[in-house]
Structure formats: C-alpha cells, structure tokens
Amino acid sequence: MAQTTHPPGTGAHAAPGGEGTSRRDFLYLATGAVGAVGAAAAVWPFIDSMNPAADTLALASIDVDLAPVAEGQAITVTWRGKPVFVRHRNAKEIDEAKKVNLGELRDPVADDARVKKPEWLIVIGICTHLGCVPLGQKPTDPRGDYDGWFCPCHGSHYDTAGRIRKGPAPANLVVPQYAFTSDTAIRLG
Amino acid sequence: MAQAHAPQFKNPVVKWIDSRLPIFTMLDHEYNQYPMPRNVNYLWAFGAIAGIMLVVMIATGLVLAMQYAANTHIAFDSVERIMRDVNYGWLLRYVHANGASMFFIAVYIHMFRGLYYGSYKAPREILWILGVLILLAMMATAFMGYVLPWGQMSFWGATVITNLFSAFPIVGDPIVTWLWGGFSVDNPTLNRFFALHFLLPFVLFALVILHTAALHVSGSNNPLGIDPKGPQDTVPFNPYVTVKDGFAVVVFLIVYAAFVFFAPNYLGHPDNYIPANPLVTPAHIVPEWYFLPFYAILRAIPDKLGGVLAMFGAIAVLVILPWLDTSKVRSCKFRPIYRQFFWILAVDALVLGYAGAMPAEGVWLMIARIGTAYYFFHFLVLLPLLGKLERPLPLPASICEPVLKGGGRVAAGAHAKPMEKA
C-alpha cells in the first residue's frame, strides 16, 4: 500500500527512513483510533437496543393490598415479571428469624434489616442460585429445614427471613424496593 | 489434492462458466478426485452425516419458522397449531426436534472418533478448533431452539441457563438483564432467541465450510494415523467414499426415522407440553440429553461461579487439546495405554450424562464430582504425561503395507479392505 505513494527514486520496496515514515505511522494510528472509536459508537445502539425498553421499565411499580392476607398466610404477586413473596409472619416465625446467630449465616443480615414491619416479610421469590421459584408459599408446600422456603431445583433452604441457610445458593432472597403506603398496603418499585 | 489434475469438461456451458468461475474444477477437485486414505472405516462417515443433519435442520426450520410466532402469548399455541392444523406440521416439527438430537449424536461420535485416532494433532489443529467452535454454535442454537415452544422446560431452562451469567461478579447482573431485555425471561427474550436461532445455523454453515476447507488442506486422517505416502495409499473420494458415506447416511436415517415415527417424544421432556408459567418451577429441571454431561459438571462444583467456569472449561479444554496431548503418535491403535484411558473417558462422559439427569444430591452428586474430576484429570494431567511416558507400538511404513504383507506390487483398485490390525 505504502509503496505506491512514494515518489520515484526513494526505492519501490523499502520504506524510507526519517520523518516521512513516522508521519505516516502517526496517520495510520490516528486513523485507526478514530475508526475504532467510531465503530464502538456505532455498535452501541445495537447493544443497548437489547436492554429493557421504555415500556418494560414503565411497568416497574405496582400496589399491593395486604389486608386480606391473614397471619401465617402468604401471597405471591408478579412484579417486573418476577414472583414476589409476601408473607404475613406469625410470632413464632419472627422469633425464629430474630434468634439466629448471624455468625452462622452465609450471607449475614439481621432480620430487622430485611423487613419494614416485623410481621410482613417481602422478598423476590427467585432462588439466588439459578433463578427457580422456591416452594413454601402454600401451606402444603415443603418449607425446608428452616420454615422458610425450599428450592426444588438444587436444594437450597431459606429461613423465615428469606436468608440462605443450606444448599448451593450464594445469597439471601432479594428484598425488593418497596414502601408502605398505608398500614395495609405497599407499593413495589 | 496435489496429484489431482485439471478436469476436462465436455459440456460447453460448464466449460464456459468454469473458465470464468472455476466452481466445477473446485467441486471436481474436492469431491470427485479428493484422495481419501484407503483404510478409513465407517466412523469417518459421521462428518458427512452431521453435514446432512445441518441441511435437514435448516430446511425443516425454515418452513417451521413460516408458521411459528415468537410471542409469549401465542408461541405455545402456534406450536400446537403446527402439530394439529398445518399440513405435515407434526412431521416437520418432529423431524426438527429429533433432528437436534440426531445432529448431536453424529457430532459426538465424530468427536470421539477424532479423539481416538488423534485427528486433532498436527497439522489438523485449526480443523479441530473449528470443530469445537461448531459444537459451541450448535449448543447455543439448540438451547435457543428449545426455548421457542414456550413450555415449562423452555422457560425454566432459559431461566437457569441465562442466570449462569449472573455468577460473574459486578458485570453479571447487567449482562443477564441485557440478555433478557427485561427483569426476567419474557417476551423480549423469546423474540431475540428466535432471531438468533434463525441466524446461528447460517453461522454454523459458514463454520462448516471453513472446517471442510481446512480438512481439504491437510487431508483426512485415517485409522492408522499415518500420512498417505502416495497414490497407492489413497482412493478417489468418488465413488469409493461417496458410496460408503451414502450407505452410512441411509442407515443413520433409518434410526432417525424410527425416532420420528415411533418415539417422537422419547428424547423430549413431558413438562414442555405445559405452557410456560413464570410462577411455578417444575420439580426437576433437566436440560436436553445432549447437555447433561455439562450440566452434571455445572452442578458438581459447590460454588456458583466455580460451576459455571468448570462447565465452560470443559469445552475450553478441547480447544487447547492439540497442545495438551504431547504424543507424536496419532492413532490409539499404537498407544496401548492411552487407548485404555480413552475408553475410561468415554465411560466417564456417559456417567456424567446419567448423573446430570439425576437430582443433584447424595450419591449422584458424589458420582458427578468424581466424573468431573476425571474429565479434567484426563485432559490436563494424563494427556501431557502419557505422551512422555508411554512407549507406542511400531508404526507401519505405509497405509497399504499392513494390507499387502510382503510388499507385493500395489493393486490399482481398492480391493484391500480397511484393515483391522492389532
């Protein structure tokens, strides 16, 4: 490529030394760098188009009425396409969750930090291992060794605060962003 | 290759085209005169069989795509419509669904043949690596295809596999959200999986062309693992190999047809006939059978990231295999110790597959761990050591020598059978 632009007499094959070469090298590098940045900028819309779209994001918050959920019961609501577990804990369950020695937890978080009102535990019902929905919402479901939830896929056990206690999952069930809008209603998201 | 001479075409149209675009010369060169070692056995037919399967999958997939709708509300029903209402829809779908399994059977046999006869060794390293890339593209294509019917296994398989990427620290969660196009596996996910499931087979096709091109540079390996010394060691591809491969293809298609017509759902999972439900996980999620050994490796490691890395590592190790195996001798026939370990590896792969189908607890978890350990031990420790420690048997001087013992004149034809020595 380079040889064709050499003036006759500098040699058809060997690149000439001196300033001409370094200026050309600089031009090549500069052109390449601008091209690379341009290509990256052009690729970004393609990549970002695969991220959640505005309508997906717009459906990001919902209201849940807690009044019909009796003590000891649990309901599952869908939020952002995911199941959210809302459990009305009884005294025994709250007690179990509070009494745990944090030192023996894989992902140590106190029960107080995971609830806004002790009787209401709200967690995303997706196992932190590989995304299955743990069992334990219905009275007839197995609840694992710690009275919380049991994931049937790979055998993770969660306690009454949704914390991982046993099995392959690395972390506690995620507490979603929510706020109490009244004594018996919450807004998720 | 080298000994091929330019063909003389009689047809003037062919001649006219060929002098402008030598496509007929190329075809003649690569599929008519291409010299095959005369001793190849039926295991060498599985490359051709895999190629046929790719064509079958693209052909059936194209017409299925004309009936399928990639939308979570109607995907499941559109597949049922294909099964019940579309003319021959049941046949096309069963041919396509079982075709994926048959494609993997052909490719796995093809790969184990390469392992046994050392087909990955110099000068065929790039040929082998292209094959591993083909396997990866196949796996991605098959995984996304399984999601399309939008049954319970589709949904939960997609959830488990996409969640694998969340194992990576920091970038994991944004990657998973990006893969999903939302906060869970949902309509955007299904839509893009369909687009990619349509695209990838053509990428696969391009890789197959490169794989074949690389093959035709180095020439085919053979059961003795020694290079042909001259024309007396080879036969022209046509008719010898076309007929042999053709017969193997027919036998393979009979087995394939038996599945399609008599046990079309044998290799599938009944839960995939339940429409996807994001709120209920099936009690026991299993991938399709061809992923089971890798699934067993994933679950064998007690750490999430570790499991993911081990699973990808199980394929990555195949990429560097040509440099892990230090032995200069290709064929297992002349490697008495490696031959035994080869069979242990083959059994290990089957055991891992079985363990992958079982719940990951108790004895099965233990078996999967031992199997995983052996898999990596075989490639990372045994192969480098064996090449140094093992004393191979003496290699024959040429391919035809063991057949024509005593060194008589070489017969022009191919009367000699593929020999079974030692």
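Analysis parameters
- Residues numbered from 1 in each chain as written.
- Chains lettered and ligands numbered in written order.
- Predicted model: local features only at pLDDT ≥ 70, side-chain atom pairs only at ≥ 80, totals over all residues.
- Heavy atoms only, no water.
- Contact = heavy atoms within 4.5 Å.
- Buried area = accessible area lost by both parts, 1.4 Å probe.
- Salt bridge = Lys/Arg side-chain N within 4 Å of Asp/Glu carboxyl O.
- Polar contact = N/O pair within 3.5 Å; in protein donor to acceptor, adjacent residues only side chain to side chain.
- Helix = DSSP H or I, 4+ residues; strand = E, 2+ residues; numbered from the N terminus.
- Nonpolar A, V, L, I, M, F, W, Y, C, P; charged D, E, K, R; others polar.
- Buried < 20%, exposed > 50% of the residue type's maximum accessible area, 1.4 Å probe, protein only.
- pLDDT = per-residue confidence, 0-100.
- Pairing = 2+ DSSP bridges.
- Axes fitted to C-alpha atoms, helices over the stretch in contact; angles between N-to-C directions.
- Phe/Tyr/Trp six-rings, centres within 6.5 Å; stacked < 30°, edge-to-face > 60°.
- Lys NZ or Arg CZ within 6 Å of the ring centre and 35° of its normal.
- Patch = residues over 30% accessible without salt bridge, like charges linked within 9 Å, V, L, I, M, F, W, Y side chains within 5 Å.
- Areas by Shrake-Rupley, 256 points an atom, 1.4 Å probe, with all protein chains shown as cover.

On to the interface of chain B and chain A, then. Buried accessible area, meaning the area lost when the parts come together, often serves as the stated size of an interface. The interface is formed by 23 residues belonging to chain B together with 24 residues belonging to chain A. Counting each side, the surface lost to burial between chain B and chain A is near 2100 Å², with a carbon and sulfur contribution of 65%. In terms of surface lost to chain A, no three residues of chain B exceed Trp178, Phe183 and Leu279 of chain B, which account for 35% of the buried area on that side. Linking chain B with chain A are zero salt bridges. For the interface between chain B and chain A, the tally reads seven residue pairs in polar contact (both at pLDDT 80 or more). Broken down by secondary-structure element, the contributors of at least two residues to the side of chain B that touches chain A are α7 (152-163), α8 (172-180) and α11 (292-300) of chain B. Considering each element in turn, the side of chain B that touches chain A owes the most residues, four residues, to α7 of chain B. Considering only residue class, the side of chain B that touches chain A consists of 13 nonpolar, seven polar and three charged.

Turning our attention to the environment of Glu93 of chain A. Residues and elements named next belong to chain A. Relative to the helices and strands, Glu93 resides in helix α3 (residues 91-99). Classification of Glu93 as buried rests on a relative accessible area of 5%. With 68 residues separating them in the primary sequence, Glu93 and Ala161 have C-alpha atoms 8.4 Å apart. The contacts of Glu93, once residues within four sequence positions are left out, are Arg87, His88, Arg143 and Thr160. Within the structure, the side chain of Glu93 is placed 3.4 Å from the side chain of Arg143, a separation counted as a polar contact.

Glancing now at the confidence of the model for chain A. All names here are of chain A. Residues of chain A with pLDDT of at least 70 account for 89%, and the chain-wide mean is 84. Looking over chain A, one finds the lowest element-wise mean pLDDT in helix α2 (residues 54-58), namely 82, and the highest in strand β4 (residues 120-124), namely 92. Predicted confidence is poor over residues 8-14, with pLDDT under 50, and the contacts of this stretch with residues over four places away or in other chains come to three contacts.

Residue and element names in this part refer to chain A. One open sheet holds the three strands; their spatial order is β5-β6-β7, and the pairing between them is antiparallel. The sheet is open, and its two borders are formed by β5 (147-151) and β7 (164-166), each paired with just one other strand. The mean angle between the axes of side-by-side strands here comes to 35°, regardless of whether they run parallel or antiparallel.

Before going further, it helps to examine the packing of aromatic side chains. With the rule as written, the count across this model stands at 31 aromatic pairs over all chains. Judged by centre distance (5.3 Å) and plane angle (50°), the ring pair of Tyr354 of chain B and Trp364 of chain B falls under tilted. Here the residue Tyr354 of chain B occupies a position in helix α14 (residues 336-357), and Trp364 of chain B occupies one in helix α15 (residues 362-389), the gap between them amounting to ten residues. Here Tyr354 of chain B falls in the partly exposed class, since its relative accessible area comes to 49%. Taking the relative accessible area as the measure of exposure, Trp364 of chain B reaches 26% and is therefore partly exposed. Linked through ring pairs, Trp44, Phe112, Tyr116, Tyr117, Phe342 and Trp343 of chain B together constitute an aromatic cluster. If you follow Arg80 of chain A out to its NZ or CZ, it ends over the ring of Phe183 of chain B, 4.3 Å from the centre.

On to a nonpolar patch on the surface, then. Residues and elements named next belong to chain B. Residues Ile320, Trp323, Phe377, Leu380, Val381, Leu385 and Leu389 make up a contiguous nonpolar surface patch of about 700 Å² in total accessible area. A per-element tally of the nonpolar patch places α15 first, with five residues. By relative accessible area, Val381 is classed as partly exposed at 34%.

All names here are of chain A. Buried residues dominate strand β3 (residues 82-88), accounting for seven of its seven residues. Covered by surrounding structure in β3 are Lys82, Val84, Val86 and His88 together with Pro83, Phe85 and Arg87, the residues of both alternating faces. Hairpin connection, strand β2 (residues 74-79) to β3: the antiparallel pair is bridged by two residues, and Arg80 has positive phi, about 55°. Across five bridges, the pairing between β3 and β4 is antiparallel. Residue pairing for β4: Val84 is matched across the bridge by Ile124.

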